[in-house]
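For reference, the chains in residue letters:
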Amino acid sequence: MANHFEEFKVKMQGADLSEAAIAAFKKNYDQLVAGVTGMVPEDEIDSATGLPSLLDLPSISPSEAKTLLSQTAVLKLNGGLGTSMGLEKAKSLLVVKDGKTFLDLIAEQVKHMRKSYGSDVIFTLMNSFSTSADTKAFLKEKHPDLLEEPFIELMQNMSPKVDAATNKPASYPPHPDMEWCPPGHGDIYPSLLGSGMLDSLIGKGIKYLFVSNSDNLGATLDLDLLNYFATSNKAFLMEVCERTAADKKGGHLCLRRTDGRLMLRESAMCPDADKKAFEDIAKHKYFNTNNLWVSLEHLKATLDASGGALALPLIKNKKTVNPRDSKSEPVFQLETAMGSAIECFDSAGAIVVPRSRFAPVKTCSDLFMLRSDAYIIAEDATVAVAPPLLAAGGGVPLVKLDDAHYKLVDQLEALAPDVPSLLAAKSVTVKGPVKFAKGVVLTGDVTLEVEGSSPVLLAAGAYSGSVKVTSEQTTAVSATAAAGATTAGGASASPTAPPVADQQGCWHFLACK
């Protein structure tokens, strides 16, 4: 099919997008026109093995930390709206605990760290055209000092949608803004270059950039990791976790045979014949947490050597130009992922980290647990597992809420204005629209069920086992005996220690191991 890149170039120049943004789009568009499939067969890769572990790294002294922090910038990806949870503003503005939002916690952690170490580490939010105004308005009200900092905002670029029938720029006169879409978080590299921020940071003596998602409270500036990265002379370092059976459908880290470079293989890149090997978690052990460490000097050199744009694998999403109108014209949205840049550097590496560094809040079940007494906000604004659970080994309960009634944040807040106590819970499953009264305590393995679609109140009291919640009464069915546990309105249960789960006791900006 014909290449219409010049039309896209004119359109992007008219929108005042940088040459770096245009060059990055061209890389993506050329892959689309060439019909690049991006398939990576099993016989072209090897397993990633012999990776170092965060748990084995030596600790550094406060004086060493101060020096490194003066050469470091922290960037949080803040371009998402959290639409899967029913949000219409920046997801980082969601209240997660004790009246504090993600952004409150992140900002307070930054300030505490600066004070503790006497080093003004640079802090940046990468906003999108959908989140910039809301985020800056929030900072103006709650954290005006941060808003005044010169590097506080890096703006994500826009990408023109591609007409799926012609490969020309999509046109939608009723709403011209719908002709554009986010380019994915792989846009961090052209945004840094095109905005001039990359050169400015390097000019200020900043060598290291730590990047993570704003909704991942486990993604913290770990000083031992920073020291490892700084002394390794690597261009790029990816934090990875060990895959479990629950992760087998997701992407994995591997080694490309042709050049020996690390790369990510996503499920869409795997031929059907190799699906079994793709899901073999003993063979392909690690997945990307999206916590990344980047050497700015190496990034600058690599961008210069590649014409101003990294050759990232294309993610092609087929949509309609108006996402709310399924009858509008089909389009392609061209995106890239920032983690895939690992294959663009000769000196890239990966390090295995505990699962506690991968703690994103993606669902209302995650939010329900975070708002419970299973977690606390510490003095330094970090979110940590509650001391009673830490004393019992650091385990937190597994929570599964009914998506039909708790998928969206407003649904959760209507049904659980007061989240129950989970200190003594091992697992919690909710089926149907259970509405929680204040003073509910859940103990052991608990299943709460409401028949029908109308909310039913679960009265204050302690519950364990299978509980059928009715409008007339709350009846325990096949309940596991728990000390002090009763039906609705009864006495509280005696807390018992939950089993150890794959979760550690700190969600910190400056993390413990």
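Residues numbered from 1 in each chain as written. Predicted model: local features only at pLDDT ≥ 70, side-chain atom pairs only at ≥ 80, totals over all residues. Heavy atoms only, no water.

(A) Quick look at the pattern of salt bridges. If you walk through the whole model with that rule in mind, you get 23 salt bridges. Measuring nitrogen to oxygen at the nearest pair gives 2.6 Å for the salt bridge that ties Arg265 to Glu42. With Arg265 in strand β13 (residues 262-265) and Glu42 in the loop between α2 (19-34) and β1 (45-47), this pair connects stretches of sequence that are 223 residues apart. For the pair formed by Arg265 and Glu42, the shared burial category is buried. Beyond isolated ion pairs, a larger network of salt bridges with shared partners links Glu42, Arg265 and Lys283. (Salt bridge = Lys/Arg side-chain N within 4 Å of Asp/Glu carboxyl O. Helix = DSSP H or I, 4+ residues; strand = E, 2+ residues; numbered from the N terminus. Buried < 20%, exposed > 50% of the residue type's maximum accessible area, 1.4 Å probe, protein only.)

(B) Broad picture of the packing of helix α7 (residues 188-195) against helix α11 (residues 296-305). Relative orientation of the contacting elements α7 and α11 amounts to 90°, with a least axis distance of 11 Å. When the axes of α7 and α11 are compared, the pair comes out roughly perpendicular. Between α7, through Tyr189, Leu192 and Leu193, and α11, the contact on the second element is made entirely by Leu299, Lys300 and Leu303. Per-class residue counts for the contact of α7 with α11 are 5 nonpolar, no polar and 1 charged. (Axes fitted to C-alpha atoms, helices over the stretch in contact; angles between N-to-C directions. Parallel < 35°, antiparallel > 145°, perpendicular 65-115°, else oblique. Contact = heavy atoms within 4.5 Å. Nonpolar A, V, L, I, M, F, W, Y, C, P; charged D, E, K, R; others polar.)

(C) Fine view of the sheet that holds strand β10 (residues 208-213). With respect to topology, 7 strands assemble into an open sheet ordered β6-β5-β2-β10-β14-β11-β17, the strand pairing being mixed. Each having just a single partner strand, β6 (153-155) and β17 (348-352) make up the two edges of the open sheet. Averaged over all adjacent pairs, the angle separating strand axes in this sheet is 25°, with direction ignored. Pairing geometry for strand β11 (residues 236-242) and strand β14 (residues 286-295), over 6 bridges, is antiparallel. Bridged to Met238 within β14 is Leu292. Lying on the sheet, α11 is in contact with β10 and β14; it crosses β14 at an angle near 90°. (Pairing = 2+ DSSP bridges.)

(D) Focus on the packing of aromatic side chains. As enumerated under the stated definition, the model contains 9 aromatic pairs in all. Arranged with centres 5.1 Å apart and planes meeting at 40°, the rings of Phe8 and Phe25 form a pair that is tilted. One end of the pair, Phe8, is in helix α1 (residues 5-14); the other, Phe25, is in helix α2, and 17 residues separate them in sequence. Ring geometry for Tyr208 versus Phe229: centroids 5.9 Å apart, planes at 70°, classification edge-to-face. One end of the pair, Tyr208, is in strand β10; the other, Phe229, is in helix α9 (residues 223-232), and 21 residues separate them in sequence. Both residues of the pair, Tyr208 and Phe229, count as buried. Chaining the aromatic ring pairs together yields one cluster made of Tyr208, Phe210, Phe229 and Trp293. Positioned above the aromatic ring of Phe278, the side-chain terminus of Arg243 is 5.6 Å from the ring centre. One residue, Lys275, lies across the ring of Phe278, its end atom 5.8 Å from the ring centre. (Phe/Tyr/Trp six-rings, centres within 6.5 Å; stacked < 30°, edge-to-face > 60°. Lys NZ or Arg CZ within 6 Å of the ring centre and 35° of its normal.)

(E) Looking closely at empty space enclosed by the protein. In this structure the tally under the stated criterion is 3 cavities of 30 Å³ or more. Each pocket or cavity is described by its volume, and for the largest cavity that value is around 160 Å³. Taken together, 18 residues make up the lining of the largest cavity; nearest its centre are Ala24, Phe25, Asn28, Asp187 and Pro190. Elements represented by at least two residues in the lining of the largest cavity include exactly α2 and α7. Grouping the constituent residues of the lining of the largest cavity by class yields 12 nonpolar, 5 polar and 1 charged. (1 Å grid on protein atoms, 1.4 Å probe; cavity = no way out; pocket = protein on both sides within 12 Å on 5 of 7 lines; lining within 4 Å. Points joined across faces, edges and corners; volume = space filled by probe spheres on them.)

(F) Geometry of the environment of Leu192. Checked against the element boundaries, Leu192 lands in helix α7. The spacing of Leu192 and Ala301 is 109 residues in sequence and 13 Å in space, taken between C-alpha atoms.

Fair warning: the whole summary comes from geometry, so function is off the table for now.
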